[in-house]
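# Fold and contact review
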Amino acid sequence: MQLTIITDLNKCVGCKSCQVSCKEHNTSGDFGPVPDHDPYREAEGMWWNRVIGMEAGEYPHVGVMYLPKACMHCYDAPCVPVCPTGASYKRDDNGVVLVDYEACIGCQLCMWACPYGVREFDEHEGVVKKCTLCIDRIEDESLPPEDRQPACVQSCPTHARTFGDLEDPDSAVAHLVAERQGFVLLPELGARPAIHYLPRRHAPGIVDPETIDRVLGEGS
Amino acid sequence: MRPTWPLLALTLLQGVSWGVMAVVAAALVGGWPVSTGTVQAWEWLAWGTGALGGSASVFHMHRLAAARYVLRRLRSSWLSREALSTGGYMAVLSVAVALRVLWPQASGLWEAATLLAAGLGAVAVYITAMLYATIPAMRSWHSPLTVVVFFAAALLSGGAGAGAVGALLGGPGLGGLPGLDAAFALVFGALVSLQIRAFRVAAAGVLAATGTGLAGRPYRLQDAGGSRPPYRTQTQIWPVLPAAVRTSGYAAVLVLAVVGPCLAAAQGTTGLVWGAGSAWLGVALSRWMFFADATHSSRVWFADQPKTPSPVRREPGRPYGRRREDSV
């Protein structure tokens, strides 16, 4: 099993609901560790999920992209073997990459090794923290099934994010990746991320009513 | 990435320590005409710098409570191996220093411990360098050149230190080989020049198009997921050095680490001392640039990217190559 999140870049509108709900859940929710010393006053503090906004081109030919970026839970996670204490590890049963805070010495080597810049150093506790794929939620059997998914997936207003097992060929995420040419970031660095994105498609051209009438008239 | 003083101190002082021990080993094996007192002073210098460097590494750990687990991943982690190799080197070096002080008549045993320490020191420098060279995400460091530069820096700083101490004690510097300091400096300068080029190539290869898939340039970062890029919580990235800072930084490295020791080598005892100071400053600045000027792959999402004209575009009547007016 390899749990993953698939993000449809056509549907992401950059609202940051996933970013905020991640912080909310992992800070003030019932579960999970506190990712910041003072999370609501440190605007530049820790975010386990960052929505990157990038603009390309020159006016008027400009494109904008929103990219929610959190831990990729890589198959060959480079952060795991470099960790001297074994604090960074990848779970055998579901493929989630986690950090054992008790064993972390805060050397930050895993942050250098991660190609994606998704690990964050907590200077107050002296340990490195990151997205846990909301492991506390997805394994909590006291929750109703619809709540056993990461906070970012549940809060997305456009349903851009889908959660599931990438290695189950019948799962929704496996179908999405296979049918929509799901891709990963920086594949050339060899980490084999589990997190995939669905590529953006061209926006359909705008057709005015007169053109429609003209085409229909030509056909009749 | 953000340079931190524990990393600078650890890597620099470990290099100085082993560099001095390499001189000691060369003197023993090569039969250099140096006094016992000089060799003893060299060994104390190696031990002192090594101990200081090892102490500095403690400050790089932010949770000492977990330090007891640091050897768990010897099979895969270069940091685990670094802790073991540096600790082993310092242990054997301490034995050698203690033998010389407490049991001076056991010269055979001391010589064996000294040579063993020099060998272990080389292993420790290699492992420290490999820690940086084997990180694919740190594009600037992921090269065998990193390992070679670490060894060259160690030989230059250690050789210069040993030469200065030898001259101060009335000896002929590095065993009557006054040109050795200058040779180390010239080799180091050549390698730093190669490294500057490698760092520029690495920076040019980290493209926003790779991270976003957007067509066309220039790219402008609208939002890094916070009010500004996460330089505070993510130490693998750092603001890009302005071109003027980078140029003047590397120029100062070459002046201090290459020109200074070469000019000072011919000036006798005082010159050797000044040359060592210059070399140490130059190597320290080069190590600061090694961290500060490094490009991490995640920079694609945290920085603007300017429009750059094609350097190979061919226009009618014009040969291949970048036009002067195209430069950005």
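About the cut-offs
Residues numbered from 1 in each chain as written. Chains lettered and ligands numbered in written order. Predicted model: local features only at pLDDT ≥ 70, side-chain atom pairs only at ≥ 80, totals over all residues. Helix = DSSP H or I, 4+ residues; strand = E, 2+ residues; numbered from the N terminus. Contact = placed C-beta atoms within 7 Å. Buried ≥ 20, exposed ≤ 12 C-beta atoms within 10 Å, placed from the backbone. Nonpolar A, V, L, I, M, F, W, Y, C, P; charged D, E, K, R; others polar. Pairing = 2+ DSSP bridges. Axes fitted to C-alpha atoms, helices over the stretch in contact; angles between N-to-C directions. UniProt positions renumbered as here; feature names shortened; annotations may be inferred. Core = buried A, V, L, I, M, F, W, Y, C linked by C-beta atoms within 7 Å. Expected span 1.5 Å × (residues − 1). pLDDT = per-residue confidence, 0-100. Parallel < 35°, antiparallel > 145°, perpendicular 65-115°, else oblique. Left-handed = near helix turned anticlockwise from the far one by under 90°.

### Side note on the overall build of chain B
For chain B, the count of helices and strands is nine helices and one strand. Each helix and strand of chain B, placed in order from N terminus to C terminus, yields the pattern α-α-α-α-α-α-α-β-α-α. The C-alpha extent of chain B, read off along each of the three principal axes, is 75 × 50 × 30 Å. Of the contacts made within chain B by residues no fewer than 6 positions apart, 76% connect residues no fewer than 24 positions apart.

### Quick notes on the overall build of chain A
Looking only at helices and strands, chain A has seven helices and nine strands in total. Looking at chain A as a whole, 48% of its 220 residues qualify as buried.

### Quick notes on the interface of chain B and chain A
Facing the 50 residues of chain B at the interface are 50 residues of chain A. In terms of residue count, strand S1 (residues 219-223) of chain B provides more of the side of chain B that touches chain A than any other element does, five residues in total. Its residues assigned to classes, the side of chain B that touches chain A shows 22 nonpolar, 20 polar and eight charged. As paired elements, strand S2 (residues 50-58) of chain A and S1 of chain B share four bridges and run antiparallel to each other. Residue pairing in the sheet places Met54 of chain A in a bridge with Leu221 of chain B of S1 of chain B.

### Quick notes on the sheet that holds strand S3 (residues 61-69) of chain A
In spatial order, the strands read S3(A)-S2(A)-S1(B); together these three strands make up an open sheet with antiparallel pairing. The outermost strands of the open sheet, each flanked by one partner alone, are S3 of chain A together with S1 of chain B. Taken pair by pair, the neighbouring strands of this sheet meet at an average axis angle of 25 degrees, ignoring direction.

### A look at the UniProt feature "transmembrane region" (unreviewed entry) in chain B
Residues and elements named next belong to chain B. As recorded in UniProt, the sites labelled "transmembrane region" (unreviewed entry) are residues 42-62, 83-103, 109-133, 145-169, 175-194 and 272-290. Between the first and last C-alpha atoms of residues 42-62 the distance is 33 Å; the span itself is 90% helix and 0% strand. Helix makes up 95% of residues 83-103 and strand 0%, and the two end C-alpha atoms of the span are 29 Å apart.

### Brief notes about the nonpolar core
Residues and elements named next belong to chain B. Counting 157 residues, the largest nonpolar core has Val24 and Leu156 as its most contacted members. Looking at this core element by element, the count peaks at 14 residues for helix H1 (residues 5-30). Not counting residues up to four positions away in its chain, the partners in contact with Leu156 are Phe184, Ala185, Phe188, Ala257, Ala279 and Val283.

### Remarks on helix H2 (residues 36-60) of chain B
All names here are of chain B. With 25 residues, H2 ought to run about 36 Å at 1.5 Å a step, and its terminal C-alpha atoms sit 37 Å apart, in line with that. Within H2, the full set of buried residues consists of Thr38, Val39, Trp42, Glu43, Leu45, Ala46, Trp47, Thr49, Gly50, Gly53, Ala56 and Ser57. Residues of H2 that are buried sit in contact with H1, helix H3 (78-102), helix H4 (107-133) and helix H5 (144-168).

### Some remarks on the confidence of the model for chain B
All names here are of chain B. Residues at a pLDDT of 70 or more form 92% of chain B, whose mean pLDDT is 88. Summarising per-element confidence for chain B, the mean pLDDT is lowest in helix H7 (residues 208-212) (73) and highest in H4 (96). In the model output, the complex is listed with pTM 0.90 alongside ipTM 0.88.

### A closer look at the pairing of strand S1 (residues 3-8) of chain A
Residue and element names in this part refer to chain A. Judged by how many residues are buried, S1 sits mostly within the fold: six of six residues are covered. Here S1 shows two buried faces, one formed by Leu3, Ile5 and Thr7 and the other by Thr4, Ile6 and Asp8. Pairing of S1 with strand S9 (residues 196-198), which is carried by three bridges, proceeds in the parallel orientation. Following the sheet pairing, Thr7 is matched in S9 by Tyr197.

### Notes on the sheet that holds S1 of chain A
Residue and element names in this part refer to chain A. The three strands are arranged S8-S1-S9 in an open sheet whose pairing can be described as mixed. The sheet is open, and its two borders are formed by strand S8 (161-165) and S9, each paired with just one other strand. On average, each strand axis in the sheet is tilted by 25 degrees relative to the strand beside it, whichever way the strands run. Strands S1, S8 and S9 of the sheet are contacted by helix H6 (residues 172-179), whose axis makes an angle of about 115 degrees with S8.

### Describing unusual backbone geometry
Residues and elements named next belong to chain A. The residue after Tyr59, namely Pro60, is reached through a cis peptide bond having omega 5 degrees. Structurally, Pro60 is set in the loop between S2 and S3. The backbone phi angle of Leu186 is positive, close to 45 degrees, even though this residue is not glycine. Inspection of the secondary structure puts Leu186 in the loop between H6 and S9. Unlike most non-glycine residues, Arg192 shows phi in positive territory, near 50 degrees. Along the chain, Arg192 turns up in the loop between H6 and S9. Classification of Arg192 as exposed rests on a count of 12 C-beta atoms within 10 Å.

### As for the packing of H3 of chain B against H4 of chain B
Residue and element names in this part refer to chain B. Two elements in contact, H3 and H4, have axes whose closest approach is 8 Å; the angle formed by their N-to-C orientations is 160 degrees. With respect to their mutual orientation, H3 and H4 come out roughly antiparallel. Once H3 is placed against H4, the crossing between them reads as left-handed. When the residues that make up the contact of H3 with H4 are grouped by side-chain class, the tally is 19 nonpolar, six polar and three charged.

### Quick word on H5 of chain B
Residues and elements named next belong to chain B. With 25 residues, H5 should cover 36 Å at 1.5 Å per step; its first-to-last C-alpha distance of 36 Å lies within 8% of that length. Burial runs high along H5: 20 of the 25 residues are buried. Positive backbone phi, approximately 90 degrees, marks Gly170, located one or two places after H5.

### Section: the packing of H1 of chain B against H2 of chain B
All names here are of chain B. As a packed pair, H1 and H2 sit with axes 8 Å apart at the nearest point and diverge in direction by 160 degrees. The angle between the axes of H1 and H2 places the two elements in the roughly antiparallel class. For the pair H1 and H2, the sense of crossing is left-handed. When its residues are assigned to classes, the contact of H1 with H2 shows 18 nonpolar, seven polar and one charged.

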